[in-house]
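Coordinate analysis (summary)
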Amino acid sequence: MDTADSEKKQVGRTFTWPWFLVAVIVYLGIIQGVGQLTGVDTSSSSSDSQFPTTESIVRNALIPIGISIVFVAALVTWLGWWGEVLRYRAPVRRWVRWVPISMLLAALVGMNYGHLGDQSASLVGSLLLLGLFVGVGEELMFRGIGVHVFKRAGFSEGKVALWSSVIFGLAHVSNAIGQGAQAIIQALVVCTSGYFFYLCLRVGGVILLPMLVHGLWDTSLFSSMVGTEPVAYPGLVLIIVLQVALIIVLARRRRRVEPVSPQNAGQPTLPTPQSP
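Along each chain, residue indices are assigned from 1 in the same order as the chain's sequence is written. The predicted origin of the model limits local features to residues at a pLDDT of at least 70 and limits the giving and counting of side-chain atom pairs to 80 or more, whereas totals for whole chains, interfaces and linings rest on all residues. Heavy atoms from the whole structure form the basis of all side-chain values; hydrogens and water molecules are not counted.

1. Regarding the overall build of the chain
Going by this rule: Secondary structure elements are taken from DSSP: a helix is a run of H or I of four residues or more, a strand is a run of E of two residues or more, and numbering for both begins at the N terminus. Relative accessibility thresholds used throughout: buried, under 20% of the residue-type maximum; exposed, over 50%; partly exposed, between the two (1.4 Å probe, protein chains only). We call two residues in contact when some of their heavy atoms are within 4.5 Å. The protein chains shown are the only cover counted for residues, whose accessible areas, like all others here, come from Shrake-Rupley with a 1.4 Å probe.
Helices and strands together make up the secondary structure of the chain, namely twelve helices and zero strands. Going from the N terminus to the C terminus, the chain shows its helices and strands as α-α-α-α-α-α-α-α-α-α-α-α. A total of 276 residues make up the chain; the buried ones form 42% of that total. For the chain, the proportion of contacts with a sequence separation of at least 24, taken over those separated by at least 6, is 81%. As presented, the chain carries roughly 14,800 Å² of accessible surface, and 65% of it is formed by carbon and sulfur atoms.

2. Focus: the nonpolar core
Nonpolar side chains in soluble globular proteins tend to be buried together. The following threshold applies: Within this scheme, the nonpolar core is defined by two criteria: the residues are buried Ala, Val, Leu, Ile, Met, Phe, Trp, Tyr or Cys, and they are joined through side-chain atoms within 4.5 Å.
Counting 64 residues, the largest nonpolar core has Phe15, Phe20, Val99, Met103, Phe142 and Ile145 as the members making the most contacts within it. Elements with a minimum of two residues in this core: α2 (17–38), α3 (54–79), α5 (98–110), α7 (121–152), α8 (157–171), α10 (182–204), α11 (208–222) and α12 (235–252). Looking at which element gives the most residues to this core, the answer is α7, with twelve residues. Excluding residues that lie within four positions of it along the chain, Phe15 makes contacts with Phe20, Ala23, Leu75, Leu79, Trp81, Ile145 and Val149.

3. Examining the packing of α3 against α7
Inclusion rule: Axis definition: a line fit to C-alpha positions, over the contact stretch in the case of helices; interaxial angles, taken between N-to-C directions, run 0 to 180 degrees. Roughly parallel means an angle under 35 degrees; roughly antiparallel, over 145; roughly perpendicular, 65 to 115; everything else is oblique. Definitions for this section: a left-handed crossing has its near helix turned counterclockwise from the far helix by less than a right angle. A right-handed crossing has that turn clockwise. Throughout, the ten residues Ala, Val, Leu, Ile, Met, Phe, Trp, Tyr, Cys and Pro are labelled nonpolar, Asp, Glu, Lys and Arg are labelled charged, and all others, Gly among them, are labelled polar.
Taken N-terminus to C-terminus, the directions of α3 and α7 make an angle of 30°; their axes are 9 Å apart at the nearest point. With respect to each other, α3 and α7 are oriented roughly parallel. Crossing hand, α3 versus α7: left-handed. A per-class count over the contact of α3 with α7 returns 21 nonpolar, five polar and no charged.

4. Digging into the packing of α5 against α12
Look at α5 against α12: their axes get within 8 Å of each other, and the N-to-C directions meet at 165°. The angle between α5 and α12 places the two elements in the roughly antiparallel class. The handedness of the crossing between α5 and α12 comes out as left-handed. Between α5 and α12, the residues in contact are Val99, Ser102, Met103, Ala106, Val109 and Gly110 and Gly235, Leu238, Ile239, Leu242, Leu246 and Leu250, respectively. Among the residues forming the contact of α5 with α12, the class breakdown is nine nonpolar, three polar and no charged.

5. Thoughts on the pattern of salt bridges
Put simply, the rule is: Here a salt bridge means any side-chain nitrogen of Lys or Arg lying within 4 Å of a carboxyl oxygen belonging to Asp or Glu.
This model, assessed by the stated rule, comprises six salt bridges. Between Arg152 and Glu84 there is a salt bridge, with its nearest N and O atoms 2.2 Å apart. Of this pair, Arg152 sits in helix α7 while Glu84 sits in helix α4 (residues 82–86), placing them 68 residues apart in sequence. For Arg152, a relative accessible area of 11% corresponds to the buried category. Taken together, the shared-partner salt bridges connect Lys151, Glu157, Arg202 and Glu258 into one network.

6. Here's the deal with α8
Under the convention used in this document: Given a helix with a known number of residues, its expected span is that number minus one, times 1.5 Å.
The terminal C-alpha atoms of α8 lie 21 Å apart, and with 15 residues this matches the ideal 21 Å at 1.5 Å per residue to within 8%. Burial in α8 covers these residues: Glu157, Val160, Ala161, Ser164, Ser165, Ile167, Phe168, Gly169 and Ala171.

7. Overview of α3
Keep this limit in mind: Two axes are fitted around each residue, one to the seven residues ending there and one to the seven starting there, and the angle between them is reported as the bend at that residue.
The end-to-end C-alpha separation of α3 is 36 Å, in line with the 38 Å expected for 26 residues at 1.5 Å each. Where α3 bends most, the angle comes to about 35°, and this point is Leu62, followed within four residues by the proline Pro64. Backbone geometry just downstream of α3 places Gly80 in the positive-phi region, at approximately 75°.

8. Points about the packing of aromatic side chains
For clarity, the threshold we go by: Here a pair means two rings of Phe, Tyr or Trp (six-membered ring of Trp) with centres within 6.5 Å. Their orientation is stacked below 30 degrees between planes, edge-to-face above 60, and tilted elsewhere.
Under the definition given, this model contains nine aromatic pairs. Look at Phe15 and Trp81: their rings are 6.3 Å apart centre to centre, the planes differ by 85°, and that puts the pair in the edge-to-face class. Of this pair, Phe15 sits in the loop between α1 (3–8) and α2 while Trp81 sits in the loop between α3 and α4, and the two are 66 residues apart along the sequence. An identical accessibility class is assigned to Phe15 and Trp81; each is buried. On the numbers, 6.0 Å between centres and 85° between planes, the contact of Tyr27 with Phe142 is edge-to-face. Placement of Tyr27 in helix α2 and of Phe142 in helix α7 is noted, with a sequence separation of 115 residues between them.

Written out as structure tokens, the structure is:
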């Protein structure tokens, strides 16, 4: 299908990528701005934890992220894109299914259940809700609106994946407000994670899959860092190793992500005519 045919089938309002960048800035401004207004200072405590208490999770993360989700949902509604955002029709080869499968398994195995068992029910519940909020909010913005902005602009799937993932990574530089220079390294790592979540979208064909993978992935990462006494957990190594392994595998097999061309797929090979 060419670009002209694709544009004829587009529904809803037009939203170009420069306006998407503006929307991302507003989205980040909500998270950081509301966080500054409602957040509690955890730096003065003796703990190194980012979320030592239930109150810190609720006020520093759940409230600002929750408001940002309302903003993104309102934007999708205004654009009239819910039909497109919820479903994405761009199939991939079967081996790519191992991306979401391996990420889900690593997140489940890497979860620090022992440490979470020592925390209060309210703290654990707030952490699970935080994972849900992050998965819904970030996927709706970057794999929902972002992917479709570049797709509607006529970008190839490779460029859709590239630019939506780069912007996703750069958005995390805003964490430097609270985390300093390490947010730069985080942004580089998150760029690769954004590509993994993009592949999850294509594998599942619905945005619910990357939301699930993203939410569980972040919950696992935070499972050792909450509470007044965060602990080092060997299970985290599994997540790091998988991240590196996926980067290597996808770098080597990036040209084998796209499915076989429909015109060639499933067609039997005809025998060569024999000379009499």
